[in-house]
Amino acid sequence: MREHTVWWRAWTSDYRTAVGEHRNLLLPDGTRLVLNTGSAIDLRFSDAERRVVLVTGEIFIATAADAHAPARPFLVETAQGTALALGTRYTVRQRERDTDISVFEGAVQIQPRQRGAAALILQAGGATRYTAQAVAASEAADEASAAWKEGFIVARGMRLDDFLAELGRYSRDALSCDPAVAGLRVSGSFPVRDARAVLAALSATLDLRVDERDAFWRGRPCAWRPAARRPGLRGKLQKSGRQADPFSCLGCQGE
């Protein structure tokens, strides 16, 4: 039920992006906002506050000083609570059951939605995740996690299955790998706009087979064929753990 509600709210939102799309916005107060793939927001600016409702997906925000008198607070609302900007650059990602936030400049005050839940001020260089009940312990923020603004995924020793899950956010195809190769490590900078080229590079480097299955249920028939290496990718794949034979790495390219 919640999935259908989110879908409708995203469809009727003030601003949204399709899968694989980014969108740069300049808000009425001068704040810069960037929507990542498959994201949607509503703007609720009033004389009392500047509020961005993140319906789904992920955003980057660089807040501007408010010329309104008196200055209005800038808040990002998610299903789990609100984040009050204290002169900052940060990202907010709405997940299914919690919210991720990373602060690169300034600070953000996080307030979970549940009444009586303790607030937390997250300083620059910190990252955390919060539910409607509580804020998790903070850890170091990685500014490379916001490289999607420039159209890249930056991986540093990322597990192959985690990397494919991240890449899959930018593709309409279902991406997965054989459990036997899920623990292989990926490092490098990869363009999100060409998932097929990224898969070709991974398969060639790791000696894995790209398995393109039929997708008639999607209305997009696919063929079984090997992936080919493409130039222009920056990335390195490193094996960790046991040696693995070549396996099916990824499925279903529909284009």
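The notes below deal with the structure included here. Keep in mind the model is a prediction, meaning the values are calculated, not measured.

Attention shifts here to the side chain of T88. Of note, T88 is situated in the loop between β7 (81-85) and β8 (89-94). Among the polar contacts listed, one links the side chain of T88 to the backbone oxygen of E105, at a separation of 2.2 Å. When neighbours within four sequence positions are excluded, T88 is seen to be in contact with I61, A62, T63, V103, E105, G106, A107 and V108.

Bringing the pattern of salt bridges into the picture now. In this structure the tally under the stated criterion is 18 salt bridges. Among the salt bridges present, the one from R50 reaches D29, with a minimum N-O distance of 2.5 Å. Linking R50 in strand β5 (residues 50-62) with D29 in the loop between β2 (23-26) and β3 (32-35), this pair joins segments that are 21 residues apart in sequence. For R50, a relative accessible area of 6% corresponds to the buried category. One salt-bridge network, in which partners are shared between bridges, spans D29, R50, D66 and R72.

Further remarks concern the nonpolar core. For soluble globular proteins, the rule of thumb is that nonpolar side chains tend to be buried together. L160, F163, L164, L167, V186 and L202 are the most contacted members of the largest nonpolar core, which has 28 residues in total. With five residues, the top contributor of residues to this core is helix α3 (residues 195-206). If you look at the next biggest cluster of nonpolar residues, it comprises 21 residues, including F74, V76, V103 and I110.

Alignment of β7 against strand β10 (residues 107-112), held across five bridges, turns out to be antiparallel. Looking at the pairing, A85 lines up with V108 of β10.

Each value, and the rule that gives it
Residues numbered from 1 in each chain as written. Predicted model: local features only at pLDDT ≥ 70, side-chain atom pairs only at ≥ 80, totals over all residues. Heavy atoms only, no water. Helix = DSSP H or I, 4+ residues; strand = E, 2+ residues; numbered from the N terminus. Polar contact = N/O pair within 3.5 Å; in protein donor to acceptor, adjacent residues only side chain to side chain. Contact = heavy atoms within 4.5 Å. Salt bridge = Lys/Arg side-chain N within 4 Å of Asp/Glu carboxyl O. Buried < 20%, exposed > 50% of the residue type's maximum accessible area, 1.4 Å probe, protein only. Core = buried A, V, L, I, M, F, W, Y, C linked by side-chain atoms within 4.5 Å. Pairing = 2+ DSSP bridges.

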